[in-house]
Amino acid sequence: MKPFFLLILFLSGCANQPTSQLKQEAEKPAMELGNFSVSLAVKDIAESRKFYEKLGFAVRGGDQQQNWLVLQNGSTIIGLFQGMFEQNIMTFNPGWDNDGEQLPAFTDVRHLQKTIKAKGIKLLTETDESGRGPGFFMLEDPDGNQILIDQHVPAL
């Protein structure tokens, strides 16, 4: 079968599923990874900032003099990082909501790391599993896209 035909079959199956069921499934992920953002490796942070501000993003954190900024547009968050890494990274922050506020309950980064390793996924970096404070680990999807799980708050 052609890929386009398979996509049509998949989408028609989704269309037949009740909207409330799709919404419930989307609201309950199998693994709570935390707040999501995209960390962009940029060549010129000043130019990138100007560009994203024209798209309605506003600076919410960071330090342009240190070559990193966090910008937000509604619920969409991006980080601009000049000279810190080579490629764009998907970032998840356990323990944070979309406003960077600590959640009352969340899955600790060490538990996420153990769960992901138990599923047979190789990690690029690991966090100290005996710790209780902030920690991070990295993995890569099959296409080489890097994923950072970066917890900034202490475990509950």
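Preceding this paragraph is the structure being described.
Parameters and conventions
Residues numbered from 1 in each chain as written. Predicted model: local features only at pLDDT ≥ 70, side-chain atom pairs only at ≥ 80, totals over all residues. Heavy atoms only, no water. Salt bridge = Lys/Arg side-chain N within 4 Å of Asp/Glu carboxyl O. Buried < 20%, exposed > 50% of the residue type's maximum accessible area, 1.4 Å probe, protein only. Helix = DSSP H or I, 4+ residues; strand = E, 2+ residues; numbered from the N terminus. Arc of directions from axis to C-beta. Contact = heavy atoms within 4.5 Å. 1 Å grid on protein atoms, 1.4 Å probe; cavity = no way out; pocket = protein on both sides within 12 Å on 5 of 7 lines; lining within 4 Å. Points joined across faces, edges and corners; volume = space filled by probe spheres on them. Nonpolar A, V, L, I, M, F, W, Y, C, P; charged D, E, K, R; others polar. Core = buried A, V, L, I, M, F, W, Y, C linked by side-chain atoms within 4.5 Å. Pairing = 2+ DSSP bridges.

Side note on the pattern of salt bridges
Now for step 1: Summed over the entire model, instances satisfying the criterion amount to 5 salt bridges.
Now for step 2: A salt bridge links glutamate 126 to lysine 117; the shortest N-O distance between them is 3.0 Å.
Now for step 3: What makes glutamate 126 partly exposed here is its relative accessible area of 47%.
Now for step 4: Classification of lysine 117 by relative accessible area gives partly exposed; the value is 34%.
Now for step 5: Connected via shared salt-bridge partners are Lys117, Glu126 and Glu129.

Remarks on helix 4 (residues 109-118)
Now for step 1: The complete set of buried residues in helix 4 reads Val109, Arg110, Leu112, Gln113 and Ile116. Around the axis of helix 4, the buried residues are gathered within 160° of arc, so they sit on the same side.
Now for step 2: Buried residues in helix 4 make contact with strand 6 (123-125), strand 7 (135-140) and strand 8 (146-151).
Now for step 3: Looking one or two residues beyond helix 4, the residue adopting positive phi is glycine 120, at roughly 85°.

Concerning the layout of surface pockets
If you roll a probe as big as a water molecule over the atoms, it shows you where there is empty space left.
Now for step 1: Volume-wise, the largest pocket comes out at about 270 Å³.
Now for step 2: Lining the largest pocket are 17 residues, and of these Ser37, Val70, Asn93, Trp96 and His152 sit closest to its centre.
Now for step 3: Of all the elements in the fold, those that place two or more residues in the lining of the largest pocket are strand 1 (35-42), strand 3 (68-73), strand 4 (76-82), strand 5 (89-93) and strand 8.
Now for step 4: When the residues that make up the lining of the largest pocket are grouped by side-chain class, the tally is 8 nonpolar, 7 polar and 2 charged.

Some remarks on the nonpolar core
Now for step 1: Counting residues in each nonpolar core, the largest one holds 9 residues, listed as Phe92, Val109, Leu112, Ile116, Leu123, Phe137, Leu139, Ile147 and Ile149.
Now for step 2: Tallying contributions element by element places helix 4 first for this core, with 3 residues.
Now for step 3: Grouped together as the second largest cluster of nonpolar side chains are 8 residues, Leu40, Val42, Leu69 and Leu71 included.

Re the pairing of strand 5
Now for step 1: Where burial is concerned, most of strand 5 is hidden: 4 out of the 5 residues are buried.
Now for step 2: As paired strands, strand 1 and strand 5 are joined by 5 bridges and run antiparallel to one another. Within strand 5, the position partnered with valine 38 by the bridge is methionine 90.
Now for step 3: Sheet topology places strand 5 next to strand 8; 4 bridges connect them, and they run parallel. Across the sheet, the residue bridging to methionine 90 is isoleucine 147, located in strand 8.

Quick look at the pairing of strand 3
Now for step 1: For strand 2 (residues 58-63) and strand 3, the ladder comprises 5 bridges, and the chain directions are antiparallel. Residue pairing across strands places glycine 61 opposite valine 70, the latter belonging to strand 3.
Now for step 2: Hairpin geometry of strand 3 and strand 4 is characterised by an intervening segment of 2 residues between the two adjacent antiparallel strands and by a positive phi of about 65° at glycine 74.

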